[in-house]
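Structural characterization, general
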Amino acid sequence: MIKSRKMIKYFLTVSGWTLISRIAGLIRDLMMAAYLGTGVIAEAFQAAFSLPNLFRRFFAEGAFNLAFVPLYTKKLASQKNHEEFASQALSTLAGLLILLTLISQLFMPYFIYAVASGFAGNERFDLAVELSRIIFPYVIFISITALFSGILNSHRHFMAAAAAPVLLNIILILSMVLAAKMNWNIGITLSWGAFLAGISQMGLVYFAVRSLGIKLTLQLPKLTPDIKKLFILAVPAILTGGVVQINLL
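Attention now goes to the overall build of the chain. Scanning the chain for helices and strands turns up 9 helices and 0 strands. In sequence order, the chain lays out its α and β elements as α-α-α-α-α-α-α-α-α. Relative to its length of 249 residues, the chain is compact, with a C-alpha radius of gyration of 19 Å against a globular reference of 18 Å. The principal-axis extents of the C-alpha atoms in the chain amount to approximately 55 × 40 × 30 Å. Counting over 249 residues, the chain shows a buried share of 46%.

This is the structure in structure tokens:
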């Protein structure tokens, strides 16, 4: 009976925040349609915003978390260095994403051509490249958010992870309102809004992890036995998840 009550509580927590996120997302999309329409800025922003989300689904919320959560949960159950393993995974993920972000900044025109080749030769292309260079670091923060969310879920703390997506929608809504009032370029303002939203989401789940007494430290990435096992589990997920993402692309 107690377990059933807890399950209902967890279900209501996640579903409640997910509902709020969906409502906020609907408001965000309606406001984007009103503020941006279907013009050059709207198309460039959508292309730019799709890039970090593509890599987020491919790596963090897909392969990496599918491999990380079972290993972390096993270590947590046996009380064997779960914090050290989480720190190693965090450092490895952060290192890979920082490298990816640096590469993307150098080769952003090619990235945009890959997702929006129809933009080539007109003003949408240059604007999409500019906005993408602002937005792309979002992938670092949202991927680390996914890792922290996996830790929280393993400890059966679901609220912060479920509430995090609401922040993105709220900040993008406020960005559009602020851009309109201050007469700022709405595409650039939205891009910086997405960047700020990533930091805010990561901050929310990070403090939730800290509130559980879990102390994570950034360290130089090392190919430890645990990280090797993590990659061994992640590779099949990368291959299968990659097929889906490549088809979507």
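Under the defined criterion, the tally for this structure stands at 10 aromatic pairs. Relative to Tyr72, the ring of Phe68 lies with its centre 5.5 Å away and its plane at 25°, an arrangement referred to as stacked. Of the two residues, Phe68 and Tyr72 are both situated in helix α2 (residues 40-78); the distance of 4 residues between them amounts to about one turn of the helix. Here Phe68 matches Tyr72 in class, with each residue buried. The interplanar angle of 20° and the centroid separation of 5.5 Å between the aromatic rings of Phe68 and Phe85 together place this pair among those described as stacked. Here Phe68, found in helix α2, pairs with Phe85, found in helix α3 (residues 82-106); they are 17 residues apart in sequence, far enough to count as distant. Here the two residues Phe68 and Phe85 agree in accessibility, since each one is buried.

For the pair helix α5 (residues 123-135) and helix α8 (residues 186-211), interaxial distance at closest approach is 8 Å and the crossing angle is 25°. Taken together, the axis directions place α5 and α8 in an arrangement best described as roughly parallel. Remark: the crossing between α5 and α8 carries right-handed chirality. Counted together, Glu130, Leu131, Ile134 and Ile135 of α5 and Gly187, Ile188, Ser191, Trp192, Ala194 and Phe195 of α8 form the full contact between these two elements. Here the residues of the contact of α5 with α8 sort into 7 nonpolar, 2 polar and 1 charged.

A side chain of one charge can pair with a side chain of the opposite charge when the charged atoms of the two come close. The tally for this structure, following the rule as stated, stands at 3 salt bridges. For Arg28, the salt bridge goes to Asp29, with nearest N and O atoms at 3.2 Å. Owing to a relative accessible area of 40%, Asp29 belongs among the partly exposed residues under this scheme. Between Arg124 and Glu43 there is a salt bridge, and its shortest N-O distance comes to 2.5 Å. Of the two residues, Arg124 sits in helix α5 while Glu43 sits in helix α2, which places them 81 residues apart along the sequence. What makes Glu43 partly exposed here is its relative accessible area of 30%.

Let us look at the environment of Thr145. On the secondary structure map, Thr145 appears in helix α6 (residues 138-154). Between the C-alpha atoms of Thr145 and Gly118, which are 27 residues apart in sequence, the distance is 33 Å. Only 3.2 Å separates the side chain of Thr145 from the backbone nitrogen of Met202, close enough to count as a polar contact.

Look at helix α7 (residues 159-182) against α8: their axes get within 8 Å of each other, and the N-to-C directions meet at 155°. Looking at the two axes, α7 sits roughly antiparallel to α8. When the axes of α7 and α8 are compared, the crossing they make is right-handed. For the pair α7 and α8, the contacting residues are Ala160, Ala161, Ala163, Ala164, Pro165, Leu167, Leu168, Ile171, Leu172, Ser175, Met176 and Ala179 in the first and Ile186, Thr189, Leu190, Gly193, Ala194, Leu196, Ala197, Ser200, Gln201, Leu204, Val205 and Ala208 in the second. When grouped by side-chain class, the residues that make up the contact of α7 with α8 number 19 nonpolar, 5 polar and no charged.

Right, let's get into α6. Helix length check: α6 (17 residues) gives 24 Å between terminal C-alpha atoms against 24 Å at 1.5 Å per residue, within 8%. Positive phi shows up at Arg156, right after α6, with a value of about 60°.

Averaged over the chain, the pLDDT score is 86; the fraction of residues at 70 or greater is 92%. The element-level mean pLDDT for the chain is lowest in helix α9 (residues 225-248), coming to 74, with α8 highest at 93.

A grouping of Leu99, Ile103, Leu106, Phe107 and Tyr110 is seen on the molecular surface, where their side chains present a nonpolar patch of about 560 Å² in accessible area. The biggest single contributor to the nonpolar patch is α3, with 3 residues. Summarising the element assignment, Tyr110 is placed in helix α4 (residues 108-115). Judged by its relative accessible area of 63%, Tyr110 is exposed.

Rules used throughout
- Residues numbered from 1 in each chain as written.
- Predicted model: local features only at pLDDT ≥ 70, side-chain atom pairs only at ≥ 80, totals over all residues.
- Heavy atoms only, no water.
- Helix = DSSP H or I, 4+ residues; strand = E, 2+ residues; numbered from the N terminus.
- Rg over C-alpha atoms; globule rule 2.2 N^0.38 Å.
- Buried < 20%, exposed > 50% of the residue type's maximum accessible area, 1.4 Å probe, protein only.
- Phe/Tyr/Trp six-rings, centres within 6.5 Å; stacked < 30°, edge-to-face > 60°.
- Axes fitted to C-alpha atoms, helices over the stretch in contact; angles between N-to-C directions.
- Parallel < 35°, antiparallel > 145°, perpendicular 65-115°, else oblique.
- Left-handed = near helix turned anticlockwise from the far one by under 90°.
- Contact = heavy atoms within 4.5 Å.
- Nonpolar A, V, L, I, M, F, W, Y, C, P; charged D, E, K, R; others polar.
- Salt bridge = Lys/Arg side-chain N within 4 Å of Asp/Glu carboxyl O.
- Polar contact = N/O pair within 3.5 Å; in protein donor to acceptor, adjacent residues only side chain to side chain.
- Expected span 1.5 Å × (residues − 1).
- pLDDT = per-residue confidence, 0-100.
- Patch = residues over 30% accessible without salt bridge, like charges linked within 9 Å, V, L, I, M, F, W, Y side chains within 5 Å.
- Areas by Shrake-Rupley, 256 points an atom, 1.4 Å probe, with all protein chains shown as cover.

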